[in-house]
Amino acid sequence: MKHFLLPLLVAVTLLSACTQQPLPEANYNVIPLPKEIKLEEGQSYILDSKTLVYFEEGLQREARFLNQYVEDILGFTLGLKKGTDHAVDGIVLKVTPEDFDHSEAYEISITPSQVVVKGSDAAGVFYGIQTLRKSLPVTSHLSPLIAQLPCGTIRDWPNFGYRGMHLDPCRHFIPLDSVKVYIDMLALHNMNQFHFHLSDDQGWRIEIKKYPELTEIGAYRNGTVIGHNGNLYDSIRHGGYYTQDELRDLIQYAAERHINIIPEIDLPGHMQAALACYPQMGCTGGPYEVWKRWGISEEVLCAGNEQAMQFVEDVLNEVMDVFPSEYIHIGGDECPKVRWEKCRKCQALIRKLRIKGDDRFSKEDYLQSYVMNRMAKVVEARGRRVIGWDEILEGNVSETAIIMSWRGTEGGIEAARKGHDVIMAPSSHLYFDYYQSEDIASEPMCIGGYLPVERVYEFQPLPTELTPEQQQHIIGVQANIWTEYISTFDHVEYMAMPRMDALAEIQWNNPKERDFDAFVERCRKISQLYDLYQYRYAKHIFNPQVWTDTVAPNLVTGKPIMLQEEPEERYAYKGATVLNDGELGRGAYNSGRWLGFYGKPLDAFFDLKEPKLMARVRFHANVNKGAWIYNPRQVTVRISNDGKHFLEVGKKEFPISGWNDRDGVFAYELSFEPATARYVEVLIEGYDLPEDHSGYGNPAWLFIDEIEVN
Ligand code: ACM
Ligand code: ZN
């Protein structure tokens, strides 16, 4: 037996003394943090090149992964031995479902002679191996080639059965080998679902044998808009696609890592690339081009054209021939109805089906439900389940559809109440295509928004508005990476990490208590693996900036304040007094230093306690157009001496920020004829989102802080 601790420790200590190196030690505080870690002080298992891995039938691949990881990190390989019955010392891998209440669960027990990894299933063993892998000491100067694993027991299981990330290879094509790296990244984070968005206006990415033009024509566009929504294009022919054989290889690659690939065919909107190949399937008949812009195209599939519906059915059937996934994503987001409203065929179908609009939804919304429900039947006929974006709730979608809630969590809440299963992927917390720093001049350009790791880590996937029974419908959590402004895989990596670390902790643990500082320490550890594997990642959390600005005391600082309209609950923080606590709003709009108002004004009343002379009002707004936050439209100041009758003393309008104008924190000021009063009202009103914004027609958010009156 080679793992008697004492002689080895002596030997190791001697070696260490010679090389002046402390003995490298594993640390089980990995991401996601295991649910139970019990350590026994003072003893270790010594892992070195003489360690044998005993594995049960069916776990050979897991044993090989373990060996590969040890080689990657420690620089030596282990011996692999089939069968665990006669295992004496070494690492033992086995499946023991009777020991667990959950699937994908594992236990690692470390004694001086053995490391036993038991799983509820092969996936559980795999996650146990991931935990071992992440706990290993990463050092480029391992000498001797040895690591010690402190003795103890780790027990762990996931909170959510669906733990996913999405990737969009349509806006920018992503080569197959890079997609494999993405799958490796998911595996490292204990994720088990990869949502692969395979069709969009700007490119069709999956070979469909019945419709070869989809990839001959639809996979390429002749230029791409430059910057944000301008009218300049590059003249680069961009594109690419995956053959069915390549996808089968990818599916196998993912399955070996216990990851399922969910293909998405986005319909009936986001179909312009397909229409460029088959213009007869659009309402106008075209011609169409594979779109060179970003945003939401009005050119959608003609729902009234039976040939177009047949086309989608054929495509879905071929997709299901390739992908064994239980879940098939059929999109359903962002489908404008302007063509359907004017289309003879669509209107004829509406009449034929006797579809009527009501006070909630138009007849065209119900026509979309007809399309989605019809496709759901095609999918369900093959024993699969459909997922759709939350827009598919607009109408009468069948309860069997799983709702992916992306426009906040509201769609997910409504869906769970109606009995749908739900995957939470809200843009407010889980759109990793948004900026992760406010200093956007120092960041690679992206679509906009602001989503720091801190905010991802705050996400609560189980809305308290739901009953425990309804919460059971929240089957999982997912982050999305859209690639309009992400043209290289390096950039994908940079946008993913470390935000996906925060996501992994929520998916796996959904911790009640969240300790961000401890999480950052775990990020430091896993970042050593990122360096080892040469993944790019963002480092903002390792160099936090501290803001400490205050405003000069003024007439309203700390005085009683009353708001006529409440801020949105998520952005209400400690309430109205945020506005006059003397601390200037700095940093992110969701830093707790800003109050957020949606669809209503900020209407604040201050009581100065005695009449005061005043002539100027000043406040700050946080503008973040990608996150739907615009500058104020107008400020009005009124004063009163009895708190009942108010007199307007000043009003000022501010022009709307243009899409290409700088985002950030801006000051707004209004001066008026000096006046004396005890009460003052400051009314700040917002804009609606302008026509060039993807959320056109909705109100813009207002984020305001620190109102000063002098
Ligand atoms: C989406 O972001 N349009 C689902
Ligand atoms: Zn039509």
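No experiment lies behind these values; they were computed from the predicted model shown.

Novice: Talk me through the pairing of strand β6 (residues 114–119); I want residue IDs and the actual numbers.
Specialist: It is a general feature of regular strands that their side chains alternate between the two faces of the sheet. The buried fraction of β6 is high, at 6 of 6 residues. Sheet topology places strand β4 (residues 90–95) next to β6; 6 bridges connect them, and they run parallel. Bridging across to β6, K94 finds its partner in K118. As paired elements, strand β5 (residues 106–110) and β6 share 5 bridges and run antiparallel to each other.

Novice: Can you explain the sheet that holds strand β17 (residues 402–405)? Please cite residues and give values.
Specialist: The strands that make up a sheet are held in pairs by hydrogen bonds between backbone atoms, and each pair lies either parallel or antiparallel. Read once around its circumference, the closed barrel built from 8 strands follows the order β8-β9-β14-β15-β16-β17-β18-β19, with strand pairing classed as parallel. For this sheet the average axis-to-axis angle between neighbouring strands, irrespective of direction, equals 30°. With 4 bridges connecting them, strand β8 (residues 162–167) and strand β19 (residues 474–479) associate as parallel partners. When the bridges of β19 are listed, G164 appears paired with Q478. Sheet contacts for helix α8 (residues 306–322): β14 (260–267) and β15 (327–331); angle to β14, the most-contacted strand, approximately 170°.

Novice: Which residues make up the coordination of the zinc ion (ligand 2), and what values go with them?
Specialist: At 2.2 to 2.4 Å from the zinc ion (ligand 2) lie its protein donor atoms, namely C283 (SG), C302 (SG), C343 (SG) and C346 (SG). Around the zinc ion (ligand 2), the 4 donor atoms sit at angles spanning 106 to 112°, and that spread fits a shape best called tetrahedral. On the primary sequence, the residues serving as donors to the zinc ion (ligand 2) are separated as C-x18-C-x40-C-x2-C. Of the two residues, C283 sits in the loop between α7 (272–277) and α8 while C302 sits in the loop between α7 and α8, which places them 19 residues apart along the sequence. You can call C302 buried: its relative accessible area is 1%.

Novice: Pulling in residues and values, what's your account of the pattern of salt bridges?
Specialist: Counted according to the given criterion, the structure contains 41 salt bridges. For E289, the salt bridge identified is with K292, shortest N-O distance 3.8 Å. Judged by its relative accessible area of 19%, K292 is buried. With its nearest N and O atoms 3.6 Å apart, the salt bridge here joins K337 to D365. Note that K337 is positioned in the loop between β15 and α9 (338–342) and D365 in helix α11 (residues 363–380), a separation of 28 residues in sequence. For the residue pair K337 and D365, the accessibility class agrees, reading buried in each case. One salt-bridge network, held together by shared partners, links R61, D184, E256 and R257.

Novice: So what's going on with the side chain of E505? Residues and values would help.
Specialist: Checked against the element boundaries, E505 lands in helix α17 (residues 499–508). Aside from chain neighbours lying at most four places away, what touches E505 is V30, I31, P32, L33, Y457, N510, P511, F519 and R522.

Novice: Residues and numbers for the sheet that holds strand β1 (residues 36–48), please.
Specialist: The strand order β1-β7-β5-β6-β4-β2-β3 describes an open sheet built from 7 strands, whose pairing is mixed. A strand with exactly one partner marks an edge of an open sheet, and here the two such strands are β1 and β3 (79–82). Within this sheet the neighbouring strands show an average axis-to-axis angle of 25°, counted without direction. The pairing of strand β2 (residues 52–55) with β4 spans 3 bridges and is classified as parallel. Bridge assignment links Y54 to a residue of β4, and that residue is V92. Each of β1, β2, β3, β4 and β7 (146–156) touches helix α2 (residues 60–74); the most contacted strand, β2, lies at about 160° to it.

What counts and what doesn't
Residues numbered from 1 in each chain as written. Chains lettered and ligands numbered in written order. Predicted model: local features only at pLDDT ≥ 70, side-chain atom pairs only at ≥ 80, totals over all residues. Heavy atoms only, no water. Buried < 20%, exposed > 50% of the residue type's maximum accessible area, 1.4 Å probe, protein only. Helix = DSSP H or I, 4+ residues; strand = E, 2+ residues; numbered from the N terminus. Pairing = 2+ DSSP bridges. Axes fitted to C-alpha atoms, helices over the stretch in contact; angles between N-to-C directions. Contact = heavy atoms within 4.5 Å. Donors = N, O, S within 2.8 Å, 3.2 Å for Na, K, Ca; no water. Tetrahedral: all angles 85-135°; square planar, octahedral: opposite > 155°, others 65-115°. Salt bridge = Lys/Arg side-chain N within 4 Å of Asp/Glu carboxyl O.

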